[in-house]
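The primary structure of each chain is shown beneath.
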Amino acid sequence: MADTLRLDKFLWFARIVKTRSLAQTLAEDGRLRISGRVVDRAHAPVRVGDVLSFAIRGKVRVLRIEALPARRGPPVEARTLYTELPDGPLTSEGGGD
């Protein structure tokens with residue numbers, strides 16, 4: 001299995017969004033962050049341990065990637081790919097890895 005996966009594929013495989021097209025739009029709008037870095041491209045790589053922060057359907061979601069999927073599986077499988085974290089600031093001022 002690969003060490004990274006395209007951001008849009010992860011969002012779609014993990015069933016965060018319904019279509020890959022919506023995943024690409026979410027990524028390219030520049031309102032999504034990977035571990036505190038603003039992202040504006042769908043092909044940005046994500047890794048296990050990265051934290052995604054974004055607003056979707058009127059709610060801020062903060063997710064830590066736990067595993068990279070090989071396919072878009074059933075919802076039960078998709079929920080094992082990430083851990084929902086309590087939403088906090090979307091920036092990592094002065095901290096970060």
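Calculation rules
Residues numbered from 1 in each chain as written. Predicted model: local features only at pLDDT ≥ 70, side-chain atom pairs only at ≥ 80, totals over all residues. Heavy atoms only, no water. Pairing = 2+ DSSP bridges. Helix = DSSP H or I, 4+ residues; strand = E, 2+ residues; numbered from the N terminus. Core = buried A, V, L, I, M, F, W, Y, C linked by side-chain atoms within 4.5 Å. Buried < 20%, exposed > 50% of the residue type's maximum accessible area, 1.4 Å probe, protein only. Contact = heavy atoms within 4.5 Å. Phe/Tyr/Trp six-rings, centres within 6.5 Å; stacked < 30°, edge-to-face > 60°. Arc of directions from axis to C-beta.

Our focus in this paragraph is the pairing of strand β5 (residues 51-56). Sheet analysis places strand β2 (residues 32-34) next to β5, joined by two bridges and oriented antiparallel. The residue bridging Arg33 from the neighbouring strand is Ser53, located in β5. In this structure, β5 lies alongside strand β6 (residues 59-65), joined through six bridges in antiparallel fashion. When the bridges of β6 are listed, Leu52 appears paired with Leu63.

Ranked by size, the top nonpolar core spans 25 residues in total, and within it Leu7, Phe10, Leu11, Leu32, Val46 and Leu52 carry the most contacts. Elements with a minimum of two residues in this core: α1 (7-13), α2 (20-28), β2, β5 and β6. Discounting chain neighbours no more than four positions away, the residues touching Leu7 are Ala27, Leu32, Ile34, Val39, Arg41, Ala42, Ala44, Val46 and Leu52.

Okay, the pairing of β6 next. Between β5 and β6, which follow one another and run antiparallel, lie two residues, and Arg57 among them has a positive phi close to 50°. As paired strands, β6 and strand β7 (residues 82-85) are joined by four bridges and run antiparallel to one another. Bridged to Leu63 within β7 is Glu84.

Now for the packing of aromatic side chains. Applying the stated criterion across every chain, the model contains one aromatic pair. Taken together, a centroid distance of 5.6 Å and an interplanar angle of 40° make the contact between Trp12 and Phe13 tilted. Accessibility expressed as a relative area gives 27% for Trp12, which makes it partly exposed.

Restricting attention to buried positions, one finds in α2 the residues Ala23, Leu26 and Ala27. Projected down its long axis, α2 shows its buried positions confined to an angular sector of 95°, all on one face. Those residues of α2 that are buried lie in contact with α1, β2, β3 (37-39) and β5. Within two residues after α2, Gly30 carries a phi angle of roughly 80°, on the positive side.

Honestly, it's all geometry; don't read function into it.
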